[in-house]
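Coordinate inspection notes
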Amino acid sequence: MTLFGPILVDTPESLLFSRALNLRSVFDFATMRSGPVATTTQGAIGFVSSSVRKDDNWPDIQITHVSLGIISGLTEFYEHLFNVKSEIYKKYIQDENENVRSEVDANILGISLQRPKGRGYVKLASRDPFVPPLIQPNYLSHPDDVRALVEGSLTIHHTGILLIIIRLYTDLSSVNQSFLQE
């Protein structure tokens, strides 16, 4: 998966557990299966087709918008989940004086292949059944997979999806807007 973000936002729109988990939200979930506890945090999912796709009836790229806040105590979790170093996330949650904020509203766009051509393998590491197997996924080992992900990234850029999210959730008066004109 290729990620764009986190895109920090000025409005309290993303899921932050400190804001979402309270007695009212737990009650709403327990009685009506609604409220912030019932959400998946996915704002939208779209499917597009790249030029390397062979089947006309099946898109090969998924674009996902996730509205999930960043919590300073979970940077190691994000590192594992998104394979992004925790030092990078820590930079996002620092204020202008480099003090770490406990949480930040954010949005993330993800691009993933739905039908990759690269093939990996799984093999036994040992005869011992309690030893985990060796897993080699061989992500992006096929040139068409790389080409499709690049096309998906360009789709986000050319259609303005990223720009729409920034404009929807951010007070642009505090942002250097020169990049928005490109």
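Presented here is an overview of the structure given in this document. Small disclaimer: the values here were computed from a predicted structure and weren't measured.

1. Thoughts on a nonpolar patch on the surface
Among the surface-exposed residues, Phe17, Leu21, Val26, Phe29, Val37, Leu74, Phe77 and Leu81 lie close enough to one another that they form a single nonpolar patch of about 660 Å² accessible area. Breaking the nonpolar patch down by element, the ones donating at least two residues are α2 (23-32) and α3 (75-82). Note on placement: Leu21 falls in the loop between α1 (17-20) and α2.

2. Regarding the environment of Ser67
For Ser67, the location among the structural elements is in the loop between β3 (61-66) and β4 (70-71). For Ser67, a relative accessible area of 10% gives the class buried. Placed 41 residues apart in sequence, Ser67 and Ile108 show a C-alpha to C-alpha distance of 6.4 Å.

3. A look at the packing of aromatic side chains
The geometry of two aromatic rings is summed up by the distance between their centres and the angle between their planes. Under the definition given, this model contains 0 aromatic pairs. The ring of Phe29 carries Arg33 above its face, with NZ or CZ at 5.0 Å from the centroid. Here the basic side chain of Arg115 rests over the ring of Trp58, its NZ or CZ set 4.7 Å away from the ring centre.

4. Points about the environment of Ile135
Tracing the chain through its elements places Ile135 in strand β8 (residues 134-136). Taking relative accessible area as the criterion, Ile135 reaches 61% and is therefore assigned exposed. Distance in space between the C-alpha atoms of Ile135 and Gly120 is 7.7 Å, their sequence separation being 15 residues. Once you skip the residues sitting within four places of it in the chain, Ile135 turns out to touch Tyr121 and Val122.

What counts as what
Residues numbered from 1 in each chain as written. Predicted model: local features only at pLDDT ≥ 70, side-chain atom pairs only at ≥ 80, totals over all residues. Heavy atoms only, no water. Patch = residues over 30% accessible without salt bridge, like charges linked within 9 Å, V, L, I, M, F, W, Y side chains within 5 Å. Areas by Shrake-Rupley, 256 points an atom, 1.4 Å probe, with all protein chains shown as cover. Salt bridge = Lys/Arg side-chain N within 4 Å of Asp/Glu carboxyl O. Helix = DSSP H or I, 4+ residues; strand = E, 2+ residues; numbered from the N terminus. Buried < 20%, exposed > 50% of the residue type's maximum accessible area, 1.4 Å probe, protein only. Phe/Tyr/Trp six-rings, centres within 6.5 Å; stacked < 30°, edge-to-face > 60°. Lys NZ or Arg CZ within 6 Å of the ring centre and 35° of its normal. Contact = heavy atoms within 4.5 Å.

It is worth stressing that arrangement in space is one thing and function is another; only the former is reported here.
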